[in-house]
Amino acid sequence: MNIDFTKGDGLVPAIIQDAETNIVLMLGYMNEAALEKTRSEGRVTFYSRSKQRLWTKGETSGNFLNLVDIKVDCDQDTLLVRVHPVGPACHTGSDTCFNETNQADNFLAHLENVIQDRKDNPSEKSYTTSLFQKGINKIAQKVGEEAVELVIEAKDNDKDLFLNEAADLTYHLLVLLVEKGYRWEEVLAILRRRHQ
């Protein structure tokens, strides 16, 4: 990345976007030191124009912006920083600095993140955690069972039962993907390529 810090007297705008929802959370500014700290620590750091110092978002609130990736625009003077936010992005308590709700348009992405969290932070009360603890064979078996149950319900005319089985199959497929270390987006990428 060749970023032109000269146009803004050593600063470039950094547009912060939620990597899952694609909602713009806030705008900050980075100098070279803030960018380097962001890259090295994996948490977004800005240059505060009012405090005249580096400032890591969340350093007092705990509402960090965990780095996913950084892109530079065509003029090489603006950054798009994609993040996984921890809590609200705005100091007012709002999800975004534009007073918008940061809600996933894609509920599957949200559900996938919850499933990943159950794997990373096991809970004795969680059915999802219990699946991970039983291992890949049990998870794959559940996907098979749910697929068969969906096929059975497809032969009848009970919409609610059919849709519930479709939901069960989708959920267990997401658990299997997480267990294997893959993401739903990778499946969608294959479908997109096939569609072309």
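Residues numbered from 1 in each chain as written. Predicted model: local features only at pLDDT ≥ 70, side-chain atom pairs only at ≥ 80, totals over all residues. Heavy atoms only, no water.

Remarks on the pattern of salt bridges
Here's step 1: The tally for this structure, following the rule as stated, stands at ten salt bridges.
Here's step 2: Look at the salt bridges and you will find they share partners, linking Glu20, Glu112 and Arg183 into a network. (Salt bridge = Lys/Arg side-chain N within 4 Å of Asp/Glu carboxyl O.)

Some words on the domain arrangement of the chain
Here's step 1: When its domains are assigned, the chain resolves into domain 1 (6-85) and domain 2 (107-195).
Here's step 2: Averaged C-alpha coordinates put domain 1 and domain 2 at centres separated by 34 Å. (Domains from an automatic or database assignment.)

Side note on helix H5 (residues 159-180)
Here's step 1: Between its terminal C-alpha atoms H5 stretches 32 Å, which fits the 32 Å expected from 22 residues at 1.5 Å a residue.
Here's step 2: Taken together, the buried positions of H5 are occupied by Glu165, Tyr171, His172, Leu174, Val175, Leu176, Leu177 and Val178.
Here's step 3: Residues of H5 that are buried in the fold lie against helix H2 (107-120), helix H3 (127-134), helix H4 (136-154) and helix H6 (184-195).
Here's step 4: Where H5 begins, the side chain of Asp158 points an oxygen toward the backbone nitrogen of Asp160, at a separation of 3.2 Å.
Here's step 5: Gly181 occupies a position one or two residues after H5 and carries a positive phi of about 85°. (Helix = DSSP H or I, 4+ residues; strand = E, 2+ residues; numbered from the N terminus. Expected span 1.5 Å × (residues − 1). Buried < 20%, exposed > 50% of the residue type's maximum accessible area, 1.4 Å probe, protein only. Contact = heavy atoms within 4.5 Å. Polar contact = N/O pair within 3.5 Å; in protein donor to acceptor, adjacent residues only side chain to side chain.)

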